[in-house]
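In case you want the letters, here they are:
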Amino acid sequence: MLSRTTEKLLRKLATKKYRWQLKMFIAEGRKVVQELLDEGLHLEHLIIKEGSSFVHNSGVVIPEKEFEKLSQLDRADEVIAIFHFPKVEKELSNRVVILDKINDPGNLGTIIRTCDWFGITQIFCTTGTVDAYNSKTVQSTMGSAGRVNVSYASEIEILEELKAQNFSFWCADMEGENLNEAELPQKMALVMGSESHGPSVFWRKNSQRVTIPRKGKSKTESLNVAIATAIILGNISLGR
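This text gives an overview of the structure that appears in the document. (Residues numbered from 1 in each chain as written. Predicted model: local features only at pLDDT ≥ 70, side-chain atom pairs only at ≥ 80, totals over all residues. Heavy atoms only, no water.)

**Re helix 1 (residues 4-12)**
Working note: α-helix, 3.6 residues per turn, so residues spaced by three or four point in the same direction. In plain terms, the rule: Type-normalised accessible area, obtained with a 1.4 Å probe on protein chains alone, sets the label of each residue: buried when under 20%, exposed when over 50%, and partly exposed for intermediate values. Numbering of helices and strands runs from the N terminus, with a helix taken as a DSSP run of H or I at least four residues long and a strand as a DSSP run of E at least two residues long. An arc is given here, and it is the one of the directions from the helix axis to the C-beta atoms. Only heavy atoms enter the contact rule, under which two residues are in contact if any of them lie within 4.5 Å.
What helix 1 keeps buried is the set T6, L9 and L10. Projection of helix 1 onto a plane perpendicular to its axis shows the buried side chains occupying an angular sector of 100 degrees, all on one side. For helix 1, exposure combined with an orientation more than 90 degrees from the buried face picks out R4, T5 and R11. Elements that come into contact with the buried residues of helix 1 comprise helix 2 (16-22), strand 1 (24-28), strand 2 (43-49), helix 4 (64-70) and strand 4 (79-84).

As C-alpha cells, this is what we get:
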C-alpha cells in the first residue's frame, strides 16, 4: 500500500517549484527507471503496477487503477520512481551546448539524449527554457538525464562563464554561414534557439552564426531544433 506521504510527494513533484526546492524528480517507464537505477541515482520511492514483471527490493506494488491515477503520462507505464537530482559534475570539455528558451519538453529531452550520445556532459539553459526534470522531458531522455548535467542561468552569466574559459560561440541560424565551410573553434559552445523564434538577438550578436545547408528544392522553413542539434553535433564529431 502506498503511503499518504508518498502520494503527497508525487503531487508536489508535478510542479517545478517543488522539484527544485526538494531536488527530486519523477521518472516513469521500465527503460528510463532502470537506466537511472543503473547510473546509481539516489532512489527515494519506487512504485510498481500490479502484474508487472519489474522487480526491485525497494518497490511498492499497487493495483492498476490506483497506479494509473498517479501517472503523469498520457499512457501509464509499469513503473514510477522518485529520484534525487543526479550529482553530475560540471565538467567542461571542448564542446558544450547552450539552449536558449527551448519550450518543448520532448525537444529538450531528445537534445539531452543526443548530447549524451556525442559525449557532451554539460548543457547550459537560459532562463525561460523548459525544466529538465519535467516528467515528459525525463521520459524523452531515455535515461540520459543521469549522465548529462543541465544548469540554468541568464544569457550574460553563461556568456561570461564560458568566455572566461576561452570558449567561442556558434549559433545555429537560418541566415548563418554554411556549417561545412565555417572554421571549427578548438573550444566551442553551440547555441540552439527557441523553436518558434530561433536564436535571440543577444546570441546573434555574440556568436558566429552557422546554418545547415539545404539540399534539393525543399520549401521547409526550418528543422526541428532537436534534429538540427543532432545534425550539427554529428557534423562536429566527424571533424568535418
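**Side note on helix 7 (residues 155-163)**
Among the residues of helix 7, those classed as buried are E155, I158, L159 and L162. The buried side chains of helix 7 occupy one side of the element, clustering within an arc of 100 degrees when seen end-on.

**Observations concerning the sheet that holds strand 7 (residues 149-153)**
Heads up, the rule is: A pair of strands is considered paired only if DSSP assigns at least 2 bridges between the two. Fitted lines through C-alpha atoms give the axes, limited to the stretch in contact for helices. The angle between two N-to-C directions lies from 0 to 180 degrees.
Spatial strand order, 7-6-5-9-8-10: six strands in an open sheet with parallel pairing. In this open sheet, the two edge strands, each paired with only one partner strand, are strand 7 and strand 10 (208-211). Neighbour to neighbour, the strand axes of the sheet diverge by 35 degrees on average, direction disregarded. With five bridges joining them, strand 8 (residues 168-178) and strand 10 adopt parallel strand pairing. Paired with E177 across the two strands is V210, which belongs to strand 10. The strands touched by helix 7 within the sheet are strand 5 (95-99), strand 6 (122-126), strand 7, strand 8 and strand 9 (188-192), with strand 6 carrying the most contacts at an inclination of about 145 degrees.

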